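Tertiary structure, described
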Amino acid sequence: MEFFLDTANIEEIKRINRLGLVDGVTTNPSIIAKEGRDFKEVIKEICSIVDGPVSAEVIGLTVDEMVQEARDIATWASNVVVKIPMTEAGLEAVNILSSEGIKTNVTLIFSVAQGLMAAKAGATYVSPFVGRIDDMGEDGIELIGNLNKTLNNYGLESKIITASVRTIGHLEQAAVAGAHIATIPGALLPKLWSHPLTDIGIQKFLEDWEKVPQKN
Ligand code: E4P
């Protein structure tokens, strides 16, 4: 499974990148707004740090607006991917952009039908939002498994980015369900590599080490 970081915070990206764990980055307008920086400048900086795909979202809602923005965003860096919302206009834009070789990530996917439509329109990535589905009292992870099976059934090549990841369970279950990628908020990552028994184990080893009479 590939790990993308769901953040535009440069320090967070650099820190996790030092661990060799960043296969890509996703952003959205809310994530960009948190940084209080120029959109283009921050995306270009992220693209220069990370080798993998970096998603930057369009704001326009018409086909023309989306295509125009996407063509511009695609010139910012060779590894930039244009994020397009899951609407009728979004599907038309994805169809045009894929014919031009511009990579897209169709976002705000909440059903198998939406994921299937986006994949057929030519999306490079499709992003189902598991946390927000759980918030509605439904099962976000079930969608990941069903969408993965559906795309495989028809040989569709879009990769599934599990988005709106809130818990360790989301990540583990998305991996089991066959998602290609999970995009993870920076605050969740340390919880993935930590375990209380690891900390207790280290402490016990250090205490026992003190009992060793000769340490060299
Ligand atoms: C990723 O592409 C999404 O923008 C992100 O995961 C949304 O997460 P949220 O539901 O926690 O805002």
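Overview of the structure. Source: prediction; values computed, not measured.

In helix packing, the relevant descriptors are the interaxial angle and the interaxial distance, both defined with respect to the helix axes. Between helix α6 (residues 112-121) and helix α8 (residues 140-153), the least distance of the axes is 9 Å, while the angle of their chain directions is 40 degrees. The chirality of how α6 crosses α8 is right-handed. Seen from α6, the contacting residues are V112, G115, L116 and A119; seen from α8, they are L143, N146, L147, T150 and L151.

As a further point, take the sheet that holds strand β5 (residues 104-109). Strand order in the closed barrel formed by eight strands is β1-β2-β3-β4-β5-β6-β7-β8, with parallel pairing between adjacent strands. The average undirected angle you get between the axes of adjacent strands in this sheet is 30 degrees. Sheet topology places β5 next to strand β6 (residues 125-128); three bridges connect them, and they run parallel. The residue of β6 that forms the bridge with V106 is V126. Across the sheet, helix α3 (residues 39-49) lies against β2 (24-26), β3 (54-57) and β4 (80-85), angled at about 170 degrees from β3, the strand it touches most. Against the sheet, helix α5 (residues 88-99) engages β4 and β5, with an angle of about 155 degrees to β4.

On to the site of the ligand. Residues in contact with the ligand, as listed here, are D6, T26, N28, K83, F129, R132, A163, S164, R166 and T183. Contact distances for the ligand include 2.6 Å between an oxygen atom and a side-chain N or O atom of N28. Note that an oxygen atom of the ligand is positioned 2.6 Å from one of the side-chain N or O atoms of K83. Look at the ligand: alone it shows 340 Å² of surface, and the protein chains cover 84% of it. Grouping the constituent residues of the shell around the ligand by class yields two nonpolar, four polar and four charged.

About the cut-offs
Residues numbered from 1 in each chain as written. Predicted model: local features only at pLDDT ≥ 70, side-chain atom pairs only at ≥ 80, totals over all residues. Heavy atoms only, no water. Axes fitted to C-alpha atoms, helices over the stretch in contact; angles between N-to-C directions. Helix = DSSP H or I, 4+ residues; strand = E, 2+ residues; numbered from the N terminus. Left-handed = near helix turned anticlockwise from the far one by under 90°. Contact = heavy atoms within 4.5 Å. Pairing = 2+ DSSP bridges. Near = heavy atom within 4 Å. Polar contact = N/O pair within 3.5 Å; in protein donor to acceptor, adjacent residues only side chain to side chain. Areas by Shrake-Rupley, 256 points an atom, 1.4 Å probe, with all protein chains shown as cover. Nonpolar A, V, L, I, M, F, W, Y, C, P; charged D, E, K, R; others polar.

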